[in-house]
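# A structural walkthrough
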Amino acid sequence: MPKPLLFLDVDGVLNPVCPHPDAGFDTHTLLGYSVLLSARHGAWLRELSATYELVWATTWEEHANTHIAPAIGLPPLPFVRFTGYVPQPGDPRVPLMQLFSARKWAPLLRYADGRPFAWVDDVIPSRLVRGSLWRRDRVLMPVDPGQGLERRHVDRLLARPPRAQARLTIKGSAAS
């Protein structure tokens, strides 16, 4: 059975807005932007890779492999393509007021294709978080963009990784 996916955002998660001065972040200039990155995050993500298949879920897309991954000691990772995503039949409906904050939702669901996953991002609509609370196949983990990914997030992801929903068998047929 494959590992659950771990969808990772960059800005606000690995590149926090205003981390504590003692948090160990270094400033990098990447694609003309000032980006704060920490080797500690790379170590935590390598630890998580024993349990999860790491996937970039960031508007950096393939540029995360060129610029972010080497700076924090990660190998190239697969990534979800958001640029140019065209809504498809069967995509979840998103309320008009959440179109921006939920723009990643349909591409993530399509990428996961039924696999269990965790999503770490600083912009996850609270409606989606509430809707996932009782699901065992997905963990949505909002992160404070000011501080970014913290050890408590890593510990939570390691303690309770998402797993496939149990399937009930009724007279020879499977139901979920």
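## Thoughts on the overall build of the protein
- Helix and strand counts for the protein come out as 5 helices and 8 strands.
- Reading the protein from its N terminus to its C terminus gives the helix and strand order β-β-β-α-β-α-α-β-α-β-α-β-β.
- Taken across its 176 residues, the protein has 43% of its residues classed as buried.
- Across the protein, every contact between residues at least 6 apart in sequence was considered, and the portion connecting residues at least 24 apart equals 59%.
- Entry remark: accessible area of the protein is about 9700 Å², with carbon and sulfur atoms responsible for 57%.

## Considerations on the nonpolar core
- If you look at the biggest cluster of nonpolar residues, it comprises 29 residues, and the most contacted ones within it are L6, L14, L45, W56, I68, V120 and L157.
- Broken down by element, this core gets its largest block of residues, 4 residues, from helix α2 (residues 63-72).
- Residue contacts for L6: discarding those within four places in its chain leaves L48, Y52, E53, L54, V55, A118, V120 and L157.
- Formed by 15 residues, the second largest nonpolar core is a distinct cluster that contains V55, A57, V80 and F82.

## Here's the deal with the pattern of salt bridges
- Summed over the entire model, instances satisfying the criterion amount to 9 salt bridges.
- Across the pair R151 and E47 runs a salt bridge whose closest N-O atoms are separated by 2.8 Å. Of this pair, R151 sits in helix α5 (residues 151-159) while E47 sits in helix α1 (residues 39-48), and the two are 104 residues apart along the sequence.
- With relative accessibility at 34%, the residue E47 sits in the partly exposed group.
- K104 is the salt-bridge partner of D121, the closest N and O atoms lying 2.9 Å from each other. Note that D121 is positioned in strand β5 (residues 117-121) and K104 in the loop between α2 and α3 (105-112), a separation of 17 residues in sequence. Both residues of the pair, D121 and K104, belong to the buried class.

## Thoughts on the pairing of β5
- With 5 of 5 residues buried, β5 lies mostly within the body of the structure.
- Of the two faces of β5, the one lined by F117, W119 and D121 and the one lined by A118 and V120 are each fully buried.
- Inspection of the sheet shows strand β1 (residues 5-8) paired to β5 by 4 bridges, in the parallel sense. Residue pairing in the sheet places F7 in a bridge with W119 of β5.
- Pairing analysis gives 5 bridges linking β5 to strand β6 (residues 138-142), with the strands arranged parallel. Bridge pairing links F117 to R138 in β6.
- Between the parallel pair β5 and β6, the chain is carried across by helix α4 (residues 126-132), and the sense of this crossover is right-handed.

## Thoughts on the layout of surface pockets
- Estimated volume of the largest pocket: approximately 310 Å³.
- Taken together, 15 residues form the lining of the largest pocket, with R135, R138, V139, R156 and R160 sitting closest to its centre.
- Listed by contribution, the elements that provide at least two residues to the lining of the largest pocket are α4 and β6.

## So, the packing of aromatic side chains
- What the rule picks out here adds up to 4 aromatic pairs.
- Here the aromatic residues F7, W105, Y111, F117 and W119 are joined through ring pairs into a cluster of three or more.

## Considerations on the side chain of D9
- Note that D9 resides in the loop between β1 and β2 (26-30).
- Exposure remark for D9: the relative accessible area of 5% places this residue in the buried category.
- In this structure the side chain of D9 is engaged in a polar contact, spanning 3.1 Å, whose partner is the side chain of K104.
- Excluding its chain neighbours within four sequence positions, the residues that come into contact with D9 are L14, A57, T58, K104, V120, D121 and D122.

Rules behind the numbers
- Residues numbered from 1 in each chain as written.
- Predicted model: local features only at pLDDT ≥ 70, side-chain atom pairs only at ≥ 80, totals over all residues.
- Heavy atoms only, no water.
- Helix = DSSP H or I, 4+ residues; strand = E, 2+ residues; numbered from the N terminus.
- Buried < 20%, exposed > 50% of the residue type's maximum accessible area, 1.4 Å probe, protein only.
- Contact = heavy atoms within 4.5 Å.
- Areas by Shrake-Rupley, 256 points an atom, 1.4 Å probe, with all protein chains shown as cover.
- Core = buried A, V, L, I, M, F, W, Y, C linked by side-chain atoms within 4.5 Å.
- Salt bridge = Lys/Arg side-chain N within 4 Å of Asp/Glu carboxyl O.
- Pairing = 2+ DSSP bridges.
- Right-handed = clockwise from strand over helix to strand, strands pointing away.
- 1 Å grid on protein atoms, 1.4 Å probe; cavity = no way out; pocket = protein on both sides within 12 Å on 5 of 7 lines; lining within 4 Å.
- Points joined across faces, edges and corners; volume = space filled by probe spheres on them.
- Phe/Tyr/Trp six-rings, centres within 6.5 Å; stacked < 30°, edge-to-face > 60°.
- Polar contact = N/O pair within 3.5 Å; in protein donor to acceptor, adjacent residues only side chain to side chain.

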